[in-house]
Each structure stands twice: as C-alpha cells, then as structure tokens.
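# Examination of the molecular architecture
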Amino acid sequence: MNNKSSQSLLSLSASLGLVSWISLAGAVNAEVMLESPTVVERGPHWSVVQWVTQETDPAGNIVNVPHSITELASGLNVLRDSVWQPAKAEFEV
C-alpha cells in the first residue's frame, strides 16, 4: 500500500467514525472511533499509526480498544532537520 492509499484509507476510517460489524456469534457490535488515526513514529522505511475505538465486549461492557498499524515501504520518509517526514514522489528534470 503506498503512502497516498494509506492516507486515503485512514481519512476514510476517521471520517466514518462508526463502523458496524457482525461477530461470529451473530450479535451486532458497534465500534466507535474515539481518536483519529495519528502517526506516532516514523523511520526511513516505516510509519506507525495508532487510534482508539470504543467497543462493547461480550459481557456488554464498553471498553476502549487501542489499534496500531505499521506501514512499510522503501523510502517512505525522509530526514529533514533531524525529523522524519513523509517523502514526496517529486522529481525535477
């Protein structure tokens, strides 16, 4: 998945905010996004994105569930002023 696709997917997830899914038991559970996905760490070839959702467990309790994904790509970020920042696919001729 390239950086643009990842950003689009994360933006879509953040804008929806409410996702419904059906568990294997057949009950419908609601998942509410409490935080927008945020990049918490960057390196030359990775970015770690985290967010928290609120879900209902099988006992009916509402729990906060942390989520995290690591995007991997060669040259994903570039070091500028001692800070890793997203690289851009721009070329000058």
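Going along each chain's sequence as written, the residues are numbered from 1 onward. The predicted origin of the model limits local features to residues at a pLDDT of at least 70 and limits the giving and counting of side-chain atom pairs to 80 or more, whereas totals for whole chains, interfaces and linings rest on all residues. Each side-chain value is worked out from all heavy atoms of the structure, with water and hydrogens disregarded.

Under the DSSP-based scheme used, a helix requires at least four consecutive residues in state H or I and a strand at least two consecutive residues in state E, with every element numbered from the N terminus. Check the secondary structure of the chain and you find one helix and seven strands. For every residue, the accessible area obtained with a 1.4 Å probe (protein chains only) is divided by the maximum for its type, and the residue is called buried under 20%, exposed over 50%, and partly exposed between those limits. When burial is assessed residue by residue, the chain has 19% of its 93 residues classed as buried. Taking the contacts inside the chain whose residues are at least 6 apart along the sequence as the reference set, 31% of them involve residues at least 24 apart. All accessible areas in this document rest on Shrake-Rupley with a 1.4 Å probe, and a residue is counted as covered only by the protein chains that are shown. Summed over its atoms, the accessible surface of the chain is roughly 6900 Å², and 57% of this surface lies on carbon and sulfur atoms. What makes two residues a contact is simply this: any of their non-hydrogen atoms within 4.5 Å.

Bringing unusual backbone geometry into the picture now. Despite not being glycine, Asp81 shows a phi value in the positive range, around 50°. With respect to the helices and strands, Asp81 occurs in the loop between β6 (77-80) and β7 (83-86). Of note in this structure, Ser82 is not a glycine but carries a positive phi near 65°.

A few words on the pairing of strand β4 (residues 46-56). For two strands to pair, DSSP has to find at least two bridges joining them. Here strand β3 (residues 38-43) pairs with β4 via five bridges, running antiparallel. Note that in β4 the partner of Thr38 across the bridge is Gln50. Hairpin connection of β4 to strand β5 (residues 62-72): five residues between the antiparallel strands, including Gly60 at a positive phi of 90°.

On to the confidence of the model for the chain. pLDDT measures how confident the predictor is about each residue, on a scale from 0 to 100. Per-residue confidence for the chain averages 76 on the pLDDT scale, and 68% of its residues sit at or above 70. Within the model, the stretch residues 1-28 combines pLDDT values under 50 with 34 contacts to residues more than four positions away or in other chains.

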